[in-house]
Amino acid sequence: MSATVSLRVQMATSPILSASILAADFARLGDEIRVAAEGGADWIHIDVMDGHLVPNLTMGPVIVEACRRATTLPLDVHLMVERPEALFPAFAEAGADSLTVHVEATAHLHRALQAIRGLGLRAGVAINPATPPVAVAEVLNEVDLVLVMTVNPGYSGQAFLPACLDKVRRVRHMLDAAGSAARLQVDGGIDANTGTQAAESGADVFVAAQAIFRHPDGIAGGLRALRQAVEPAPAG
């Protein structure tokens, strides 16, 4: 058995599908979220971009509040913003269940993660493709989730960067060595093909936008294809 396959077989937790609304039809956002929930999504992923840390401008607490009214699924909020600490209370009040901040965006990562947890939310940390895993080594027992970006953040529909798979493997080994129960999330270019590769490398939370909301077989079909791709291989 290869090292990558053994990682996948040994995963103790079920994979989580986090449906990114970045590719949803915003004219029908509530309906699309409900279809995703009925189709098997585990979380709803909300990408918040400020036009500074990343070159795009997207949604804020008002969208999170609208999503909260549309679903009881956990809202997985990814803050691709500078000075994210200033926004934590607003997103918590809007109904976020988790907040993920970029190590590249804050000078005081440990304090930021403590602040998120102090609001009663799950805390996540994200790293860009050019950021080495060692950047999060000191907070692995302070987070509920580590997000490895598999594209350069800012836009939906980008091609998956295969070189990031090695980083996923390294982060998985770091989490295991630290005895951390944090989830390992991947985001960017995730579909049935790349999701399989990421699962075999140790990821257990999969963010997908176009592969779900713009799948040729519809939202439920996209979720079904991704679920089949990332489910652990049968033992033996």
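Residues numbered from 1 in each chain as written. Predicted model: local features only at pLDDT ≥ 70, side-chain atom pairs only at ≥ 80, totals over all residues. Heavy atoms only, no water.

A.B. asks: Explanation requested: the packing of aromatic side chains in the structure shown.
C.D. replies: This structure, assessed with the given rule, holds 0 aromatic pairs. Above the face of the W43 ring, R122 is positioned so that its terminal group lies 5.0 Å from the ring centre. (Phe/Tyr/Trp six-rings, centres within 6.5 Å; stacked < 30°, edge-to-face > 60°. Lys NZ or Arg CZ within 6 Å of the ring centre and 35° of its normal.)

A.B. asks: Before we go on, may I ask you to explain the pairing of strand β6 (residues 145–149) in this structure?
C.D. replies: β6 sits mainly inside the fold: 5 of its 5 residues count as buried. Of the two faces of β6, both are covered, the one formed by L145, L147 and M149 as well as the one formed by V146 and V148. As paired strands, β6 and strand β7 (residues 183–187) are joined by 5 bridges and run parallel to one another. Across the sheet, residue M149 finds its bridge partner in β7, namely D187. Taken together, β6, helix α6 (residues 164–178) and β7 constitute a β-α-β crossover, and its handedness is right-handed. (Buried < 20%, exposed > 50% of the residue type's maximum accessible area, 1.4 Å probe, protein only. Helix = DSSP H or I, 4+ residues; strand = E, 2+ residues; numbered from the N terminus. Pairing = 2+ DSSP bridges. Right-handed = clockwise from strand over helix to strand, strands pointing away.)

A.B. asks: Looking at this model, I keep getting lost on the packing of helix α2 (residues 29–39) against helix α3 (residues 61–70). Mind explaining?
C.D. replies: Any two packed helices are characterised by the angle at which their axes cross and by the distance between the axes. Following both chains from N to C, one finds α2 and α3 inclined at 50°, their axes separated by 9 Å at the closest point. Viewed along their axes, α2 and α3 adopt a mutual orientation that is oblique. Seen along the crossing, α2 lies across α3 with a hand that is right-handed. Taken together, the residues of α3 that come into contact with α2 (itself represented by L29, G30, I33 and R34) are I63, C67 and A70. Here the residues of the contact of α2 with α3 sort into 5 nonpolar, 1 polar and 1 charged. (Axes fitted to C-alpha atoms, helices over the stretch in contact; angles between N-to-C directions. Parallel < 35°, antiparallel > 145°, perpendicular 65-115°, else oblique. Left-handed = near helix turned anticlockwise from the far one by under 90°. Contact = heavy atoms within 4.5 Å. Nonpolar A, V, L, I, M, F, W, Y, C, P; charged D, E, K, R; others polar.)

A.B. asks: Sorry, what's going on with the side chain of D47 here?
C.D. replies: Here D47 shows up in strand β2 (residues 43–49). In this structure D47 is buried but unpaired, with R214 as the nearest side chain of opposite charge at 11 Å. Each residue touching D47, except ones within four places of it in the same chain, is listed here: S20, L22, T58, M59, H78, M80 and D187. (Lys, Arg positive; Asp, Glu negative; His and termini not counted. Salt bridge = Lys/Arg side-chain N within 4 Å of Asp/Glu carboxyl O.)

A.B. asks: Quick question: what am I supposed to make of the sheet that holds strand β1 (residues 16–20) here?
C.D. replies: Within a sheet, each strand pairs with its neighbour through backbone hydrogen bonds, oriented either parallel or antiparallel. The strand order β1-β2-β3-β4-β5-β6-β7-β8 describes a closed barrel built from 8 strands, whose pairing is parallel. Averaged over all pairs of adjacent strands, the angle between strand axes in this sheet comes to 25°, irrespective of strand direction. Pairing of strand β5 (residues 122–127) with β6 involves 4 bridges; the strand directions are parallel. In the sheet register, G124 faces β6, and the bridge partner there is L145. Where helix α5 (residues 109–118) meets the sheet, its contacts fall on β4 (98–102) and β5, and the angle it forms with β5 comes to roughly 145°.

A.B. asks: Please clarify how the packing of helix α7 (residues 192–200) against helix α9 (residues 218–230) should be interpreted in this entry.
C.D. replies: With their axes 8 Å apart at the nearest point, α7 and α9 run at an angle of 30° to one another. If you check the angle between α7 and α9, you find them roughly parallel. As for how α7 packs across α9, the hand of that crossing is right-handed. Between α7 and α9, the residues in contact are A192, G195, T196 and A199 and A225, L226, A229 and V230, respectively. Grouping the constituent residues of the contact of α7 with α9 by class yields 6 nonpolar, 2 polar and no charged.

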